[in-house]
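# Descriptive structure summary
Listed below are the residues making up each chain.
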Amino acid sequence: MRNKTPQQPPEERIKNFLEVALGFSESEAQEEASRCLQCKNKPCVKGCPVGIDIPAFIKLIKEGRQKEALEKIKEKNNLPAVCGRVCPQENQCEAVCILNKKKIPVNIGALERYAADYALTHKLQPTANSRQNLAAKIAVVGSGPAGLTCAADLAKRGFKVTLFESLHTAGGVLVYGIPEFRLPKKIVQDEVDYIRNLGVELKVDTLIGNTFTLEDLFKNGFKAAFIAVGAGLPQFLGIEGENLPGVYSANEFLTRVNLMKAYKFPEYATPINIGKRVAVIGGGNVALDSSRVSLRLGSTAALVYRRSENEMPGRLEEIKNAKEEGVALNILTQPIRIIADKTGVAGGLECIKMQLGEPDTSGRKRPVPIENSNFILEADTVIIAIGQNPNPLLPRITPGLKTNKDRTIVVDENLMTSIPGVFAGGDITSGADTVISAMGAGKKAALAIEKYIKEQHGQNNG
Amino acid sequence: MFKIIKKENLNNDIVRITVEAAFIAQKAQAGQFVVIIIDERGERLPLTLADWDKEVGTITLIFQKAGFTTRRLAKLEAGQEIQHILGPLGHPTEVKNLGQVYCVAGGVGAAEIYPVARAFKQAGNRVICIIGSRNKDLLILEDILRGSCDEFFITTDDGSYGRQGLVTDVLKDLFTVIEKSAHTQYPGLVYCIGPVPMMRAVADFTRGYSVKTIASLNPIMVDATGMCGACRCHVAGKTAFACVDGPDFDAHQVDFGELSQRLKTFKQEERRISEENA
């Protein structure tokens, strides 16, 4: 049988912000590792966006060689403690695991997390030795998954990397978006520390475009730049009442709670004002996270999603966790108006029931309103979690940086933008996507930048 | 870390600090702002740039002790440090020669209008400053503001200095004179910054004359880089983010009612943290 990681029981965990999934013990990890068939053709590796040699690291865990297991993972993945927790393995490596034919794939995610956590708690972080020493300075803009990965890979290749972050803490969506109970911030900090130990210089409080322009960076000796500023612009529905007090974008709500630690207010100075009944609009991981944060702040949480549960883009495990914790799912429900109470703040959400019709362009069945099915969902806090658009700030103020209609930055097959030497990847080129696909882009960009520098500046002098 | 090199109490309520922040000073332009975080547990607080010195590498911030964070900031002395400052943020004020520009400010807005008035003056405009204050003691920066404009008016609520009344009373007088005169013209622009009711009153007044009016908005912000949407406001019927689309907006198009309502979102929490730390 596939070993699952133990979890905090739902009735306990909704009272705290501690991690829900507790991780394997050594014996559990070894037992799970021995389920791996060590396939010769390694389908799981092809299912991994960064190509980790999965059977190899699992074999090392089975043999009790945790540090080597982590080194094996880190050949390809600089953020294993993060990926082990938040990657959608069920759609990637575990989906193509031979054992998945019987629906019992190896729990690869939990094993990856085990190797990473073991090294963190035993202070066994591998130190990477650079194979070469290139003098070239490279700027990486944005310290989310794509930026961290690219910076780490470039540092491992011997470049002098400066990582610029506009917030006061590195990690991007890993620190402002994903809640503590899914990804403890200490874990992110440890991963960032590892990357700094590779020689990456981190500059927080620096908004590229404003504090320095890309042009400034090149004038100051940077030879290439990687833009990984993500998809941080929250989408709104455009319905009446959306700007009432008590209505938050998921980004604002989660940033206050996760990054600014509003759940510890007033010990931390950033407030959050949350009502007794929270309605969260959306069906993805961000909507699920917002709902589960609301529960932990003492409110009830009702998710409002216009399609059926089958179409919800959130991870199955997180949907299950949310239900266990008591998040009410209002599926096939479309909000049409946010209603103010008599004091002028949000008081309710007028919705209409939907039914599924023919498939739309996304291949999912299109939700169609059912006439005269309007009803009012009482809610004193409304959180809008319907997606994020690419960050417009840097493209807007950088002359010559071309963007597509959907505001993503235009890149060629090597992730180079319309400006020579400026590369881009992650959500800023793909639109909102997963942590691991952003990391894949970071890796690809690091390779492309190395090649570019060598072509431009010769093999050794940078 | 950003070191405070000078601190002055301009009056009982308003403090001026000069802080080492060379990169921000290098890029600063009129109308822009920064976000500060005092320390590990602090909140992100947006403050309009009151001045900067590119040579020395400093920025000047002027703030009113209005809430928990500004009161804490006011306790820091020269030599102490602010943990984080991000900036400069927001679009700079669009400065060009429009002939005549009225700069209208209320309260601590007097500090924020100074770089704007100076920039319009340097661009060749005839600049008229109208500054409103509750009383004489609370008035700040009179001398440097006088020096940055061609004509200067003060109003106080209680009549303890300048003209008793509101900034809009002065606007009315000036516009009446223009109306009656064959030789003078309405200003090319009225720029206002200060409390929401004041900006709203200015906008309501100038709307009748179709004189272009800009308001510098001060909504609640968190990241201030376009990511959270806390600062969203309705301008011309559309949602705009003050941090990246502003902070300057066409005052005739701003939904000031919504802005003041949204500014009250955390009033209870503000009271709670202030009481617990009293």
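Remember, it's a predicted structure, so these values are computed and weren't measured experimentally.

Right, let's get into the sheet that holds strand β16 (residues 248-250) of chain B. All names here are of chain B. Spatial ordering of the open sheet is given by β11-β10-β9-β8-β12-β13-β16, a layout of seven strands whose pairing is mixed. At either margin of the open sheet sits one strand with a lone partner, and together these are β11 (163-164) and β16. As defined by bridge partners, strand β8 (residues 100-106) adjoins strand β12 (residues 189-193) across five bridges and the pair is classed as parallel. Bridge pairing links C103 to Y191 in β12. Helix α6 (residues 196-207) contacts β8, β12 and β13 (213-216) of the sheet and is inclined by roughly 165° relative to β12.

With that settled, the discussion passes to the sheet that holds strand β14 (residues 381-384) of chain A. Residues and elements named next belong to chain A. Pairing is parallel in the open sheet, where five strands are placed in the order β6-β14-β7-β8-β9. Edge positions in the sheet fall to β6 (247-249) and β9 (328-330), since each has one partner strand and no second. Between one strand axis and the next, the sheet turns through 25° on average, direction left out of account. Bridging between strand β8 (residues 300-304) and β9 involves three bridges; their strand directions are parallel. Within β9, the position partnered with V304 by the bridge is N330. Of the strands in this sheet, β6 and β14 touch helix α13 (residues 250-259), which is tilted by about 85° from β6.

Before going further, it helps to examine the domain arrangement of chain A. All names here are of chain A. As assigned here, chain A comprises domain 1 (10-121), domain 2 (137-232 + 390-457) and domain 3 (236-386). Here domain 1 and domain 3 have C-alpha centroids that lie 32 Å from each other. Facing 12 residues of domain 1, the contacting portion of domain 3 comprises 12 residues. For the pair domain 1 and domain 3, the summed buried area comes to about 1,000 Å², and 54% of that belongs to carbon and sulfur atoms. Among the residues of domain 1 in contact with domain 3, R13, I14 and F17 are the three that bury the most area, contributing 58% of the side total. Counting across the domain 1 and domain 3 interface gives nine residue pairs in polar contact (both at pLDDT 80 or more). For the side of domain 1 that touches domain 3, a count of residues per class yields seven nonpolar, two polar and three charged.

Residues and elements named next belong to chain A. The buried fraction of strand β7 (residues 277-281) is high, at four of five residues. Two strands pair when backbone bridges link them, and β7 and β8 are joined in this way by five bridges, in the parallel orientation. The partner of I281 across the bridge, within β8, is V304. In this fold, the crossover linking β7 to β8 by way of helix α14 (residues 285-296) has right-handed handedness.

Reading the values: rules and limits
Residues numbered from 1 in each chain as written. Chains lettered and ligands numbered in written order. Predicted model: local features only at pLDDT ≥ 70, side-chain atom pairs only at ≥ 80, totals over all residues. Heavy atoms only, no water. Pairing = 2+ DSSP bridges. Helix = DSSP H or I, 4+ residues; strand = E, 2+ residues; numbered from the N terminus. Contact = heavy atoms within 4.5 Å. Axes fitted to C-alpha atoms, helices over the stretch in contact; angles between N-to-C directions. Domains from an automatic or database assignment. Buried area = accessible area lost by both parts, 1.4 Å probe. Polar contact = N/O pair within 3.5 Å; in protein donor to acceptor, adjacent residues only side chain to side chain. Nonpolar A, V, L, I, M, F, W, Y, C, P; charged D, E, K, R; others polar. Buried < 20%, exposed > 50% of the residue type's maximum accessible area, 1.4 Å probe, protein only. Right-handed = clockwise from strand over helix to strand, strands pointing away.

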